[in-house]
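Residues per chain are reported as follows:
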Amino acid sequence: MTTKVKGLRERIQNGEDIIIAEGYIFLFERRGYLKAGPFVPEVILDHPDLVRAAYREFVHAGSDVVLAFTYYAHREKLRLIGRENDILKMNKDALRMAREVADETGTLMAGNICNTNRYHPDNSAEKNQMIKDMFKEQIEWAVDAGADFIVGETFAHLGEAMLALEAIKESGKGLPAVITMSPVATENVNGKCSTTDLVPYGKAFQTLHDAGADIVGLNCGSGPATTISILEEVRTTYKGPLGAVPVPYRTTEQQPSFMQLTDPKTGERLFPLSLEVLSCSRQIGRASCRERV
């Protein structure tokens with residue numbers, strides 16, 4: 001008899017910590033299975049066995065969730081590399097394998113949508129609807145595949161994060177929503193770290209939570225130290241469920257984004273091919289996980 005896996009909302013209500021491993025894009029780029037620059041997950045179609053293995057590896061490492069590898073598997077990215085016709089198979093295969101591994105391992109499975117690179121605060125309503133439609137089709141595929149919740153991630157603008165959340169609410173059939181923002185180019189408004197559209201993160205998170213996000217937080221962009229410093233500031237105003245998925249690089253106050261990191265010896269920019277120079281050790285990762293904000 002299969003044991004029912006405890007859902008996301010029940011775990012939140014119980015005050016439990018939830019570990020979710022991701023980072024497939026950089027994992028497969030380092031291994032030579034997708035290209036730096038476009039960062040499109042073609043490996044799903046070209047080497048599905050490796051994607052399934054990565055799902056299992058992340059669960060083995062301690063993840064409570066199998067996050068489907070559909071980051072950058074949206075129409076805009078696939079159009080740029082001439083593979084838009086593959087969008088349905090790419091998403092459905094990634095979702096199917098994620099569901100199968102989650103069922104094998106007794107973990108949750110999450111669908112995934114992300115930044116489109118099409119959003120701008122001055123967008124027309126028509127352009128924003130196009131973005132929302134891109135989100136909606138991926139959400140609908142995730143629902144059909146049996147996702148337990150939907151992650152919307154790596155949004156620099158609160159405006160695009162809100163479009164993603166609205167799409168989840170409209171097309172997610174009641175599934176929980178996790179929305180995380182990326183402090184890639186963190187602005188400063190009245191001394192507070194803010195989104196690219198100049199909303200302090202504490203206010204942005206409260207706005208998302210009030211609109212129905214079950215968990216809000218930060219992902220990508222910054223490493224553990226700089227991510228935690230932003231979240232400590234956020235905690236002075238936002239008291240709801242909080243998520244953090246920093247990149248495993250040693251960002252600093254002077255270089256708070258991994259895209260800004262430079263080689264300590266040469267001064268050359270490390271992104272995208274030399275980030276290993278400033279990788280976090282496992283000890284740094286473990287210490288950051290013990291931080292409470």
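Below or above, wherever it landed, is the structure these notes cover. The structure displayed is predicted, hence computed values, not measured ones. (Residues numbered from 1 in each chain as written. Predicted model: local features only at pLDDT ≥ 70, side-chain atom pairs only at ≥ 80, totals over all residues. Heavy atoms only, no water.)

For the rest of this paragraph, the subject is the environment of Tyr72. Mapped onto the secondary structure, Tyr72 falls in the loop between strand E1 (65-67) and helix H5 (75-80). For Tyr72 and Glu42, which are 30 residues apart along the polypeptide, the C-alpha to C-alpha distance reads 9.9 Å. When near neighbours in sequence (up to four residues on either side) are disregarded, Tyr72 contacts Pro38, Phe39, Val40, Pro41, Lys77, Cys114, Asn115 and Asn117. (Helix = DSSP H or I, 4+ residues; strand = E, 2+ residues; numbered from the N terminus. Contact = heavy atoms within 4.5 Å.)

Quick look at the sheet that holds strand E7 (residues 215-219) now. Ordered by their spatial adjacency, 6 strands build an open sheet running E1-E2-E3-E4-E7-E8, and the pairing between neighbours is parallel. Two strands close off the open sheet at either side, each with one partner strand: E1 and strand E8 (242-245). With direction set aside, neighbouring strand axes in the sheet form an average angle of 25°. Both E1 and strand E2 (residues 108-114) contribute to a ladder of 3 bridges, which runs parallel. Note that in E2 the partner of Leu67 across the bridge is Ala110. Each of E1 and E2 touches helix H6 (residues 87-105); the most contacted strand, E2, lies at about 155° to it. Sheet strands touched by helix H8 (residues 158-171): E2, strand E3 (149-155) and strand E4 (177-181). Its angle to E4, the strand with the most contacts, is close to 170°. (Pairing = 2+ DSSP bridges. Axes fitted to C-alpha atoms, helices over the stretch in contact; angles between N-to-C directions.)

Throughout the structure, instances matching the rule amount to 0 disulfides. With no disulfide of its own, Cys114 lies 10 Å from the sulfur of Cys220, the closest cysteine sulfur. Classification of Cys114 as buried rests on a relative accessible area of 1%. (Disulfide = S-S within 2.5 Å. Buried < 20%, exposed > 50% of the residue type's maximum accessible area, 1.4 Å probe, protein only.)

A few words on the packing of helix H9 (residues 201-210) against helix H10 (residues 224-234). In a pair of packed helices, the angle between the axes and the distance between the axes together describe the arrangement. Relative orientation of the contacting elements H9 and H10 amounts to 70°, with a least axis distance of 8 Å. In terms of orientation, H9 lies roughly perpendicular with respect to H10. Between H9 and H10, the residues in contact are Tyr201, Gly202 and Phe205 and Ile230, Leu231 and Val234, respectively. Of the residues belonging to the contact of H9 with H10, the class tally is 5 nonpolar, 1 polar and no charged. (Parallel < 35°, antiparallel > 145°, perpendicular 65-115°, else oblique. Nonpolar A, V, L, I, M, F, W, Y, C, P; charged D, E, K, R; others polar.)

Attention now goes to unusual backbone geometry. Residue Pro272 follows Phe271 across a cis peptide bond; omega there is 10°. Non-glycine residue Thr154 carries a positive phi angle of around 65°. By the secondary structure assignment, Thr154 is in strand E3. One non-glycine residue, Lys173, adopts positive backbone phi at about 50°. Along the chain, Lys173 falls in the loop between H8 and E4.

Here H8 contains 14 residues, and its C-alpha end-to-end distance of 20 Å stays within 8% of the 20 Å for a straight helix at 1.5 Å per residue. Counting buried positions along H8 gives 11 out of 14 residues, so the element sits mostly inside the fold. Buried within H8 we find Leu158, Gly159, Glu160, Ala161, Met162, Leu163, Ala164, Leu165, Ala167, Ile168 and Ser171. Where H8 ends, the next residue or the one after it, Lys173, has phi of about 50°, a positive value. (Expected span 1.5 Å × (residues − 1).)

With that settled, the discussion passes to the packing of H8 against H9. It is the contact of H8 with H9, at a shortest axis distance of 10 Å, that shows an interaxial angle of 15°. By the angle class used here, H8 and H9 are roughly parallel. For H8 against H9, the interelement crossing comes out right-handed. Across the interface between the two elements, Leu158, Ala161, Met162 and Leu165 of H8 pack against Ala204, Thr207 and Leu208 of H9. Of the residues contributing to the contact of H8 with H9, the split by class is 6 nonpolar, 1 polar and no charged. (Left-handed = near helix turned anticlockwise from the far one by under 90°.)

The next subject is the packing of aromatic side chains. This structure, assessed with the given rule, holds 15 aromatic pairs. Ring centres of Tyr24 and Phe58 lie 5.1 Å apart, and the angle between their planes is 25°; this geometry places the pair in the stacked category. Taken together, the residues span a long stretch of sequence, with Tyr24 in helix H2 (residues 24-30) and Phe58 in helix H4 (residues 48-60) at a distance of 34 residues. Neither Tyr24 nor Phe58 differs from the other in exposure class; each is buried. Centroid distance Phe26 to Phe258: 5.8 Å. Interplanar angle 80°. Geometry classified as edge-to-face. With Phe26 in helix H2 and Phe258 in the loop between E8 and helix H11 (282-289), this pair connects stretches of sequence that are 232 residues apart. The same class applies to Phe26 as to Phe258, namely buried. Aromatic rings pair up to connect Tyr24, Phe28, Tyr33, Tyr55, Phe58 and Phe69 into one cluster. One cation-aromatic arrangement involves Lys77 over Tyr72; the distance from NZ or CZ to the ring centre is 4.3 Å. (Phe/Tyr/Trp six-rings, centres within 6.5 Å; stacked < 30°, edge-to-face > 60°. Lys NZ or Arg CZ within 6 Å of the ring centre and 35° of its normal.)

Keep in mind these numbers describe shape, not what the thing actually does.
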